[in-house]
Structures are given as structure tokens and as C-alpha cells.
Amino acid sequence: GNLRQPMSDTEKSPQQKNDQLRNSLVTSQRESFASSLMTGSFDQYVNAFAVFLGATSVQIGWLTALPQLAGGLFQLLAVWLGQWVHRHRLIVISAAVQTLAILLVLLLTLPWWSQPIPVLLVALIVFHICANLIMPHWRAWMGQLVPDKIRGRFFSLRSRIAMLTSFITF
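Residues numbered from 1 in each chain as written. Predicted model: local features only at pLDDT ≥ 70, side-chain atom pairs only at ≥ 80, totals over all residues. Heavy atoms only, no water.

Colleague: Before we move on, could you go through the packing of helix 1 (residues 14-41) against helix 5 (residues 116-145) and cite the residues and values that matter?
Modeller: Two numbers describe a pair of packed helices, the interaxial angle and the distance between the axes. Remark: helix 1 packs on helix 5, axes separated minimally by 13 Å, with the N-to-C direction vectors making an angle of 155°. One element, helix 1, and the other, helix 5, form an angle in the roughly antiparallel class. Once helix 1 is placed against helix 5, the crossing between them reads as left-handed. Between helix 1 and helix 5, the residues in contact are L21, S24, L25, S28, E31 and M38 and F127, W138, M142 and L145, respectively. Here the residues of the contact of helix 1 with helix 5 are counted per class, giving 7 nonpolar, 2 polar and 1 charged. (Axes fitted to C-alpha atoms, helices over the stretch in contact; angles between N-to-C directions. Helix = DSSP H or I, 4+ residues; strand = E, 2+ residues; numbered from the N terminus. Parallel < 35°, antiparallel > 145°, perpendicular 65-115°, else oblique. Left-handed = near helix turned anticlockwise from the far one by under 90°. Contact = heavy atoms within 4.5 Å. Nonpolar A, V, L, I, M, F, W, Y, C, P; charged D, E, K, R; others polar.)

This is the structure in C-alpha cells:
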């Protein structure tokens, strides 16, 4: 059989390029929904979950501060890391690791954890590091993808989807 290679952008018709852009923008709006669902159902309830697991007030403080600090530091490294790892690959790998961190948090509901708070802390640090590795590269990617003439309207709609989803989830 003759296997055809995917067409390069120079081989695509204007209609094919428009269809590909439309599909990418719709996917981005769906991603906004999923991301806001995650934020509304995960980020907003971490402290309550920690209390459920038996965390002390000092541990709650660490659970709040350390992941944010680690995430912020890694956001500074994200640009440097982007020189060595392709933007798309970095986003996909970070999102996959972030998903594993969430799954680890879900496993903390099982009764066989004797010390769940340190595990929760590590999972939250990994979660925030991944989120902050993704963000600068995702914004640059979207900046390249969304044409100037529709940028305001697109991001307005995307923000409305995100805010409504977060509100309903919360």
C-alpha cells in the first residue's frame, strides 16, 4: 500500500486551513470547559479535602503556600525549558503529569494511607508545577493560533465559558 504523508501547510487549500483553524478554536473552547471544571471541582476544595483527611491548621498553611511557591518558581523556568522541549510536547507531558497528580489525590480517599497529608502536599506541588509550566507556552501557542481580527471575540467567549463553568462547578 501507498501510505500518504499528512499535507504540509503549503499544500492545503484556504478552505482546509480555515477548517483546521476552526477545529483548533473549538477544541480550545472545549479545553476551557474542561480546565474550568477541573479548577472549580479540584482547586476550590483542596483545603476542605485536607481537613477531611485530618490536616492541622499548620498543614493547611503548608498545603496552601508551598504548591503556589513551587508553581511560581517553575513558571520562571518554563521559558528556559521551552528552549529545549517543543512547546506542544511540554504542554501535553505537563498535562498528563498533572492528571496523574489529581489521580493520586483521589487515591487518598482510600483508607490504607497512614500519612495522607505529605502525599497530598507532593501531589499539589506537582499539580501546580505542571500548571505553571503549561501556562506561558499555552498562551504563546494560542497567540499564534488565533487571528488578530477575531482574537477579542474568541477570548471573550472562551472566558465566558470558563467563568460560567467555574461558577456552576463551585
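Colleague: Break down the packing of helix 1 against helix 6 (residues 151-169) for me, citing the residues and quoting the values.
Modeller: The interhelical angle for the contact between helix 1 and helix 6, taken along N-to-C directions, is 30°, at an axis separation of 8 Å. Between helix 1 and helix 6, the angle is such that the two are roughly parallel. With respect to the hand of their crossing, helix 1 and helix 6 are arranged in right-handed fashion. Along the contact surface, helix 1 presents L25, S28, Q29, E31, S32, F33, S36, L37, G40 and S41, while helix 6 presents F154, L157, R158, I161, A162, T165, S166 and T169.

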